Amino acid sequence: MCCPDTEDLYTEATENIAQRYGKHYPWSLKEKVMGMAALSAATAIVQGLELPLTPEHYLDLIEQEYVNVFPRSKLLPGVEKLVRHLHSHDIPIAIATSSKRSSYELKTAHHAPVFDLFHHVVCGSSDPEVKVGKPAPDTFLVCAQRFNDGVDPSKVLVLEDSPIGITAAKAAGMQAVMIPDPRFSGHLSNLADLVLPSMENFQPELFGLPPYSPDTAPIHPTV
């Protein structure tokens, strides 16, 4: 599930480093790396911007930037409503992110009442059981296995904001809903079972989940 609205903060942090070397972080590169595991993204950014850094050095620099920007993260519209709704109906929910555990904790520190409702969290860039990051399915498969008694991947619904995440979810044999940045190229969301402009448009009953009560019903989705 995509929860904190951090993509602009990722962009800000990366742009801060790029500018130190007279570079600009373009959307065309951002689109390619969004959802990648940390080292893979760092390698692509260093190569794409032709930075005089190793990927490992870049990771050291970007972690310093994250300390400054991530505490400003906010929840995406509709996230808290959905999380509390699913939790109230005893629907198991978890987070499978490509972030390192340290980055995840920075992003979620001010939203503990919501994130405490998740059964568990898998941080793909630092979890020893995740051998290959997204777009490989490992992150999602490890996450599914950590529910009590494990979960059949075909019974899992993934909510994602990146094409790489959607590719990983489908490779894991899971259903996938994409809530993309409007700047994404349309073809990048072709694998998703459903594309929504906002989490506020999500209708749980479309995937066999308990519907919202009438007073909290979401806006009708745009497919």
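Residues numbered from 1 in each chain as written. Predicted model: local features only at pLDDT ≥ 70, side-chain atom pairs only at ≥ 80, totals over all residues. Heavy atoms only, no water.

If you look the chain up in an unreviewed UniProt entry, it shows as HDHD1 from Cordylochernes scorpioides.

K.L.:
Where do I start with the overall build of the chain in this structure?
P.N.:
Secondary structure summary: the chain contains 9 helices and 7 strands in total. The C-alpha atoms of the chain give 17 Å as radius of gyration, which agrees with the globular expectation for 223 residues (17 Å, within 12%). Each principal axis of the C-alpha atoms in the chain carries an extent, and together these give about 55 × 35 × 35 Å. Every one of the 223 residues in the chain was classed for burial, and the buried ones make up 52%. Looking at the chain alone, contacts between residues at least 24 apart form 60% of all its contacts between residues at least 6 apart. Carbon and sulfur atoms make up 54% of the accessible area of the chain, which amounts to about 10700 Å² in all. For the chain, the centre of its 17 positive side-chain charges and the centre of its 27 negative side-chain charges are spaced 3 Å apart. (Helix = DSSP H or I, 4+ residues; strand = E, 2+ residues; numbered from the N terminus. Rg over C-alpha atoms; globule rule 2.2 N^0.38 Å. Buried < 20%, exposed > 50% of the residue type's maximum accessible area, 1.4 Å probe, protein only. Contact = heavy atoms within 4.5 Å. Areas by Shrake-Rupley, 256 points an atom, 1.4 Å probe, with all protein chains shown as cover. Lys, Arg positive; Asp, Glu negative; His and termini not counted. Charge placed at Lys NZ, Arg CZ, Asp CG, Glu CD.)

K.L.:
Before we go on, may I ask you to explain the side chain of threonine 97 in this structure?
P.N.:
Note that threonine 97 resides in strand S3 (residues 94-97). A distance of 3.0 Å separates the side chain of threonine 97 from the backbone nitrogen of serine 99, its partner in a polar contact. The residues contacting threonine 97, other than those within four sequence positions of it, are Tyr104, Lys107, Val122, Cys123, Gly124, Lys134 and Thr139. (Polar contact = N/O pair within 3.5 Å; in protein donor to acceptor, adjacent residues only side chain to side chain.)

K.L.:
Can you help me understand the pattern of salt bridges in this one?
P.N.:
Side chains carrying opposite charge are able to pair once their charged atoms draw close together. In total, this model carries 11 salt bridges according to the counting rule given. In this structure, glutamate 7 engages lysine 30 in a salt bridge whose closest nitrogen and oxygen atoms are separated by 2.7 Å. You can see glutamate 7 sitting in helix H1 (residues 7-20) and its partner lysine 30 sitting in helix H2 (residues 27-33), a full 23 residues away along the chain. By the burial criterion, glutamate 7 is buried, and lysine 30 matches it. Glutamate 65 is paired through a salt bridge with arginine 20; the nearest N and O atoms lie 2.6 Å apart. In this pair, glutamate 65 sits in helix H4 (residues 55-69) while arginine 20 sits in helix H1, placing the two residues 45 residues apart along the sequence. The class for glutamate 65 is buried, based on a relative accessible area of 10%. (Salt bridge = Lys/Arg side-chain N within 4 Å of Asp/Glu carboxyl O.)

K.L.:
In this structure, what is going on with the pairing of strand S4 (residues 120-123)? I would like to understand it.
P.N.:
For a regular strand, side chains alternate in direction, first toward one face of the sheet and then toward the other. Burial along S4 is two-sided: the residues His120 and Val122 and Val121 and Cys123 are all buried. Note that S3 and S4 share 4 bridges and pair parallel. Across the sheet, alanine 96 pairs through a bridge with valine 122, a residue of S4. (Pairing = 2+ DSSP bridges.)

K.L.:
Would you explain the packing of aromatic side chains in this entry?
P.N.:
For any pair of aromatic rings, the description consists of the separation of the ring centres together with the inter-plane angle of the planes. The full count for this structure, using the stated rule, is 7 aromatic pairs. Each ring, one from tyrosine 10 and one from phenylalanine 70, has its centre 5.0 Å from the other, and the planes form 75°; the classification is edge-to-face. Linking tyrosine 10 in helix H1 with phenylalanine 70 in the loop between H4 and strand S2 (74-75), this pair joins segments that are 60 residues apart in sequence. These aromatic residues form a ring-pair network of at least three members: Tyr10, Tyr66 and Phe70. The ring centre of tyrosine 212 lies 4.7 Å from the NZ or CZ of lysine 81, which sits over that ring. Positioned above the aromatic ring of tryptophan 27 is the side chain of arginine 183, whose terminal nitrogen or guanidinium carbon lies 4.2 Å from the ring centre. (Phe/Tyr/Trp six-rings, centres within 6.5 Å; stacked < 30°, edge-to-face > 60°. Lys NZ or Arg CZ within 6 Å of the ring centre and 35° of its normal.)

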